[in-house]
Each structure stands twice: as C-alpha cells, then as structure tokens.
Amino acid sequence: MTLPIIKYGDPILRQKGEIVGEITPEIKNLVAHMFDTMYVNNGVGLSAHQVGKAIQLMVIDTKIHIPMVLINPTIKPLSEACMMIEGCLSFPDKQISISRPERIEVTALNLDGQSLTFECGEMLARVIQHEYDHLQGKLFIDY
Ligand code: ZN
C-alpha cells in the first residue's frame, strides 16, 4: 500500500523523530508501506517523517546494495566531505548540491531488532545521511 508523501511546509518535517522502543507489527506494516511508497515514487530512500510518523526509522534501496531498514540510526563521519547533487521526495523538482562526508560508519537496528554496524561510502552513505537528517527534523535546504 502506498502512502501520501508529506511535502515541505508540513511541520512534521521539522520534528525530531522519537526513538523506536519496540518493533511492533505496526512498525513492520509501516516499513512495508514505506518501501511501496518509495518504489512507486522512484526514490532511493524514505524517512518515516515523510509518511507522517516522526520516529527514528528509514528505508533505503539504492539498487546497488540490498534494500535496508535502519531503526534508531547513528552515524559517524570517516572521511572528508565531497559534493553531490541530492533530491528529496518532499521537495518535488528541487535538486541541491550538498557537501557531506564521503564515507561513514552507521549503527542501527534492523527490522529483527538486531544491532548492526557497517561502513559505507558514495551513494549509499549519501542517501543514509540525507534520511538521517530527516529523522532529526533537518532538511537539505538547510545546507
Ligand atoms: Zn528527503
């Protein structure tokens, strides 16, 4: 099932997401709907904020790596910043060139509640950092 995407101007995009305490059947349903919504809109990442839930949850599918669900993520920069052009499903037709670390370390829970830590770079690191910002109530226009 696809969900409507929250567009810029809605105050929920400025809220800090609440920590996900327990991975309930509702969370699992939400994740399934978020994947559907991301794919139908040709996105490579989507935060829960963008479907109206201000919680620490994102889905990612860059098509280069396996699809992933990141819950309560934290990120640590591992390299210098580089510039890359980004888009955002909450800002149709807007693309901005933004400087972010090229490589990062990510720690998060997956949908089974297991903690994982991994390093990534390039496109995947970029998308994760963009969605991570959404979870803090930060938007790419802030750069
Ligand atoms: Zn976005």
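First, a word on scope: everything that follows refers to the structure included in this document. (Residues numbered from 1 in each chain as written. Predicted model: local features only at pLDDT ≥ 70, side-chain atom pairs only at ≥ 80, totals over all residues. Heavy atoms only, no water.)

Some details on the overall build of the chain
Part 1 of the argument: Broken down by element type, the chain carries 2 helices and 7 strands.
Part 2 of the argument: Along its sequence from the N terminus, the chain presents helices and strands in the succession α-β-β-β-β-β-β-β-α.
Part 3 of the argument: With the principal axes as the frame, the chain shows a C-alpha extent of 40 × 35 × 25 Å.
Part 4 of the argument: Looking at the chain as a whole, 46% of its 143 residues qualify as buried.
Part 5 of the argument: For the chain, the share of sequence-separated contacts (at least 6 apart) that also reach a separation of at least 24 residues comes to 65%. (Helix = DSSP H or I, 4+ residues; strand = E, 2+ residues; numbered from the N terminus. Buried < 20%, exposed > 50% of the residue type's maximum accessible area, 1.4 Å probe, protein only. Contact = heavy atoms within 4.5 Å.)

Concerning the pattern of salt bridges
Part 1 of the argument: The full count for this structure, using the stated rule, is 6 salt bridges.
Part 2 of the argument: Salt-bridge contacts for Asp-133 lead to Arg-100; the nearest nitrogen and oxygen are separated by 2.9 Å. With Asp-133 in helix H2 (residues 122–136) and Arg-100 in strand E5 (residues 91–101), this residue pair connects regions lying 33 residues apart in the sequence.
Part 3 of the argument: Exposure remark for Asp-133: the relative accessible area of 8% places this residue in the buried category.
Part 4 of the argument: On the basis of relative accessible area, Arg-100 is assigned to the buried category, the value being 3%.
Part 5 of the argument: One salt-bridge network, held together by shared partners, links Glu-86, Arg-100, Arg-126 and Asp-133. (Salt bridge = Lys/Arg side-chain N within 4 Å of Asp/Glu carboxyl O.)

Some points on the coordination of the zinc ion
Tetrahedral coordination by four donors puts the ideal angle at the metal at 109.5 degrees, and octahedral coordination by six puts it at 90 or 180 degrees.
Part 1 of the argument: The coordination sphere of the zinc ion contains the protein donors Cys-88 (SG), His-130 (NE2) and His-134 (NE2), at a distance range of 2.0 to 2.2 Å.
Part 2 of the argument: Sequence positions of the residues that donate to the zinc ion give the spacing C-x41-H-x3-H. One end of the pair is His-130 and the other is His-134, both in helix H2 and 4 residues apart, which spans about a single turn.
Part 3 of the argument: By relative accessible area, His-134 is classed as buried at 1%. (Donors = N, O, S within 2.8 Å, 3.2 Å for Na, K, Ca; no water.)

Thoughts on the sheet that holds strand E3 (residues 68–77)
Part 1 of the argument: An order of E1-E2-E3-E6-E7 is seen for the 5 strands of this open sheet, with the pairing classed as antiparallel. Because the sheet does not close on itself, it has two edges, and the strands there are strand E1 (45–47) and strand E7 (115–121). Each neighbouring strand pair of the sheet contributes to a mean axis angle of 40°, computed without reference to strand direction.
Part 2 of the argument: Sheet analysis places strand E6 (residues 103–109) next to E7, joined by 7 bridges and oriented antiparallel. Its bridge partner lying in E7, Thr-107 is registered against Thr-117.
Part 3 of the argument: The sheet contacts of H2 involve E1, strand E2 (57–60), E3, E6 and E7, and relative to E2 the element is tilted by about 155°. (Pairing = 2+ DSSP bridges. Axes fitted to C-alpha atoms, helices over the stretch in contact; angles between N-to-C directions.)

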